[in-house]
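Architecture at a glance
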Amino acid sequence: KEKMMIARMLWDANLSAEFSQQEDAKLTKEIVSAAKQGIPFMVIIGEQELAENNCQVKDIVANTAEFVAIPELVGYLRSTKKVIPVGCEFAAEMLSQK
């Protein structure tokens, strides 16, 4: 239920997201799968994070992770990780060439 809530929040912000439908997915396996698919970030929600209304944002390439409050996740991804809304890739590319 929490995975779907986070995905919906990202979708509502027009950010690309998907979630594992396995109930007890193995984190290592999920990270390897994400790396193979070229997914740059994972949002990890464990019981402790959920109890604190936090999530962990894992940078797959840099192999780092940071804790972020769930209500601040969209802003964090946009400002800190420079994640752009779906459909804005062309505009972002044009801006980066200036």
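In what follows, the structure referred to is the one given above.
Residues numbered from 1 in each chain as written. Predicted model: local features only at pLDDT ≥ 70, side-chain atom pairs only at ≥ 80, totals over all residues. Heavy atoms only, no water.

1. Remarks on the overall build of the chain
When helices and strands are counted, the chain shows five helices and three strands. Moving toward the C terminus, one meets the helices and strands of the chain in the order α-α-β-α-β-β-α-α. A total of 98 residues make up the chain; the buried ones form 24% of that total. Partitioning the contacts of the chain with sequence separation of at least 6, the portion at a separation of at least 24 is 32%. In the form shown here, the chain has an accessible surface area of approximately 7,100 Å², with 54% of it arising from carbon and sulfur atoms. (Helix = DSSP H or I, 4+ residues; strand = E, 2+ residues; numbered from the N terminus. Buried < 20%, exposed > 50% of the residue type's maximum accessible area, 1.4 Å probe, protein only. Contact = heavy atoms within 4.5 Å. Areas by Shrake-Rupley, 256 points an atom, 1.4 Å probe, with all protein chains shown as cover.)

2. Let's talk about the sheet that holds strand S1 (residues 41-44)
The three strands lie next to each other as S1-S2-S3, forming an open sheet whose pairing is antiparallel. Looking at strand neighbours, the two that pair on one side only are S1 and strand S3 (64-69), the edges of this open sheet. Taking the axes of each pair of neighbouring strands and ignoring which way they run, one obtains an average angle of 25° across the sheet. Here six bridges tie strand S2 (residues 54-59) to S3, and the two strands are oriented antiparallel to one another. Bridge assignment links Val-57 to a residue of S3, and that residue is Glu-66. Helix H2 (residues 27-36) contacts S1 and S2 of the sheet and is inclined by roughly 155° relative to S1. (Pairing = 2+ DSSP bridges. Axes fitted to C-alpha atoms, helices over the stretch in contact; angles between N-to-C directions.)

3. Examining the pattern of salt bridges
For the structure shown, the criterion picks out two salt bridges. In this structure, Arg-8 and Asp-12 form a salt bridge, with 3.6 Å as the shortest nitrogen-oxygen distance. Taken together, the positions of Arg-8 and Asp-12, both in helix H1 (residues 2-12) and four residues apart, correspond to about one turn of that helix. With a relative accessible area of 45%, Arg-8 lands in the partly exposed category. Of the charged contacts, one joins Asp-59 and Lys-81 as a salt bridge, the two residues approaching to 3.6 Å between their closest N and O atoms. (Salt bridge = Lys/Arg side-chain N within 4 Å of Asp/Glu carboxyl O.)

4. A closer look at the layout of surface pockets
Any empty space left between atoms is shown by rolling a water-sized probe over those atoms. By volume, the largest pocket amounts to about 1,400 Å³. Residue contributions to the lining of the largest pocket peak at six residues, all from H1. Split into classes, the residues belonging to the lining of the largest pocket amount to 23 nonpolar, eight polar and 11 charged. (1 Å grid on protein atoms, 1.4 Å probe; cavity = no way out; pocket = protein on both sides within 12 Å on 5 of 7 lines; lining within 4 Å. Points joined across faces, edges and corners; volume = space filled by probe spheres on them. Nonpolar A, V, L, I, M, F, W, Y, C, P; charged D, E, K, R; others polar.)

5. So, unusual backbone geometry
At Asn-14, a position not held by glycine, the phi torsion is positive, near 65°. Backbone geometry at Lys-82 places phi at a positive 55°, although glycine is not the residue there. Inspection of the secondary structure assignment puts Lys-82 in the loop between helix H4 (73-79) and helix H5 (89-96).

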